[in-house]
Amino acid sequence: MNIDLLTILPEILKGPFEQSIVKRAIEKGIVNLTIHDIRKYSMNKHKTVDDYAFGGGAGMVMEIGPIDNLISKLKSEKEYDEIIYLTPDGEKYNQKMANQLSTKNNIILLCGHYKGVDQRVRDHLITKELSVGDYVLTGGELAAAIVVDTIIRLIPGVLSDETSALTDSFQDNLLAPPVYTRPANYKGWKVPDVLLSGKHDEIETWRMNQSVKRTKKLRPDLLKRSGDKK
Ligand code: ADE
């Protein structure tokens, strides 16, 4: 899978992908991640990428020119399945979308800044707009890092135990059950007996009941969505 990240702050995006699972996926060649500096595609000598909003008002707007130059160059080299803009007013990102995106070959993620990008970028160059939550980040970079991280761990061959992504919270609209490891008794805080019983059917039933109980308590909205297709 190829992921191209378009940003005016490339430094922010380097850290998250230099650790553990994502780093290994890149080293194994399962994912090819390229960070592009939009500023290099600016058309003027001062290398500006933003300008005042027509009609006035506070805040700068990211110009269409540099973004179009960069996206056009990438599109001349590859066919992209999705060109995604990260923005707080996009569609709310969830596990179902991560599952879908993890099956794609080539995607572009465009990180917004300031008051956002010129609307013509959204109207003509983008295929999807995603928000990672109802809050405003200083830029789309951290949102893009979340999307990349959630996609990469789902690609076959990335996690050592391939089934473990299937038992994540949200995969079946349920939160994951509690987990424990040794010691079985720590300061009198005991691991539930059933987990030590060796009875796999009973353990599975206990885990499912715990998942439902946790979901009802913390995220009842997920249970209403149980009929949704993945
Ligand atoms: N840029 C700023 N805030 C964001 C959010 N919540 N999701 C996606 N991109 C953003």
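Shown above is the structure to which this text applies.
Presented here is a report on the structure given in the accompanying data block. This structure is a prediction, so every number in the text was calculated from the model and none was measured.

## Focus: the environment of histidine 36
Summarising the element assignment, histidine 36 is placed in strand 2 (residues 32–37). Note: C-alpha distance between histidine 36 and leucine 110 (74 residues apart in sequence) is 9.7 Å. Those residues within four positions of histidine 36 in sequence are excluded, and the remaining contacts are Asp4, Leu5, Leu6, Thr7, Leu70 and Leu74.

## A look at the sheet that holds strand 2
Taken in spatial order, the 5 strands of this open sheet run 2-1-6-5-7, and their pairing is parallel. The open sheet is flanked by strand 2 and strand 7 (128–131), the only strands paired with a single partner. Going from strand to strand, the sheet's axes swing by 30° on average, the running direction of each strand aside. Judged from the 5 bridges that link them, strand 5 (residues 82–92) and strand 7 form a sheet pairing that is parallel. Bridging from a neighbouring strand, glutamate 91 pairs with leucine 130 of strand 7. The strands that helix 3 (residues 64–77) touches are strand 1 (2–7), strand 2, strand 5 and strand 6 (106–111); relative to strand 1, the one it contacts most, it runs at about 165°. On the sheet, helix 6 (residues 141–152) packs against strand 1, strand 2, strand 5 and strand 6 and is oriented at approximately 155° with respect to strand 6.

## Some points on the packing of aromatic side chains
One pass over the full model with this rule turns up 1 aromatic pair. Summarising the aromatic geometry, the rings of tyrosine 186 and tryptophan 189 are spaced 6.0 Å apart at their centres and angled 50° between planes, so their arrangement reads as tilted.

## Here we look at a nonpolar patch on the surface
Together, Leu9, Ile12, Tyr135, Leu137, Leu142 and Ile146 line one region of the surface with nonpolar side chains, adding up to about 500 Å² of accessible area. On the basis of relative accessible area, leucine 137 is assigned to the partly exposed category, the value being 33%.

## Focus on the site of the ligand
The full set close to the ligand counts 13 residues, and Thr87, Val132, Gly133, Tyr135 and Leu137 are the nearest of them. Within the backbone of threonine 87, a nitrogen or oxygen atom sits 3.1 Å from a nitrogen atom of the ligand. Contact with the protein chains hides 96% of the accessible area of the ligand, taken as 260 Å² for the molecule alone. Among the secondary structure elements, those contributing two or more residues to the shell around the ligand are strand 5 and strand 7. For the shell around the ligand, the per-class residue count stands at 8 nonpolar, 5 polar and no charged.

## Some words on the pattern of salt bridges
Applying the stated criterion to the full structure yields 10 salt bridges. Linking glutamate 27 and lysine 23 is a salt bridge whose minimum nitrogen-to-oxygen distance equals 4.0 Å. One end of the pair, glutamate 27, and the other, lysine 23, are both in helix 2 (residues 20–27), 4 residues apart, so they sit about a helical turn from each other. Accessibility expressed as a relative area gives 58% for glutamate 27, which makes it exposed. Judged by its relative accessible area of 36%, lysine 23 falls in the partly exposed class. Where aspartate 221 meets arginine 219, a salt bridge forms, and the shortest distance between an N and an O atom there is 2.9 Å. Classification of aspartate 221 as partly exposed rests on a relative accessible area of 30%. Among the residues examined, arginine 219 registers a relative accessible area of 28% and is labelled partly exposed.

## Some words on the pairing of strand 6
Taken across its 6 residues, strand 6 has 6 buried, putting it largely inside the fold. Burial of the side chains of strand 6 extends over both faces: Asn106, Ile108 and Leu110 are buried on one face and Ile107, Leu109 and Cys111 on the other. Pairing of strand 1 with strand 6, which is carried by 5 bridges, proceeds in the parallel orientation. When the sheet's bridge partners are listed, asparagine 2 is paired in strand 6 with asparagine 106. Pairing of strand 5 with strand 6, which is carried by 5 bridges, proceeds in the parallel orientation. Bridge pairing in strand 6 places glutamate 82 opposite isoleucine 107. With helix 4 (residues 95–101) bridging strand 5 and the parallel strand 6, this β-α-β connection has right-handed handedness.

About the cut-offs
- Residues numbered from 1 in each chain as written.
- Predicted model: local features only at pLDDT ≥ 70, side-chain atom pairs only at ≥ 80, totals over all residues.
- Heavy atoms only, no water.
- Helix = DSSP H or I, 4+ residues; strand = E, 2+ residues; numbered from the N terminus.
- Contact = heavy atoms within 4.5 Å.
- Pairing = 2+ DSSP bridges.
- Axes fitted to C-alpha atoms, helices over the stretch in contact; angles between N-to-C directions.
- Phe/Tyr/Trp six-rings, centres within 6.5 Å; stacked < 30°, edge-to-face > 60°.
- Patch = residues over 30% accessible without salt bridge, like charges linked within 9 Å, V, L, I, M, F, W, Y side chains within 5 Å.
- Areas by Shrake-Rupley, 256 points an atom, 1.4 Å probe, with all protein chains shown as cover.
- Salt bridge = Lys/Arg side-chain N within 4 Å of Asp/Glu carboxyl O.
- Buried < 20%, exposed > 50% of the residue type's maximum accessible area, 1.4 Å probe, protein only.
- Near = heavy atom within 4 Å.
- Polar contact = N/O pair within 3.5 Å; in protein donor to acceptor, adjacent residues only side chain to side chain.
- Nonpolar A, V, L, I, M, F, W, Y, C, P; charged D, E, K, R; others polar.
- Right-handed = clockwise from strand over helix to strand, strands pointing away.

Read these as layout, nothing more, since geometry by itself doesn't imply function.
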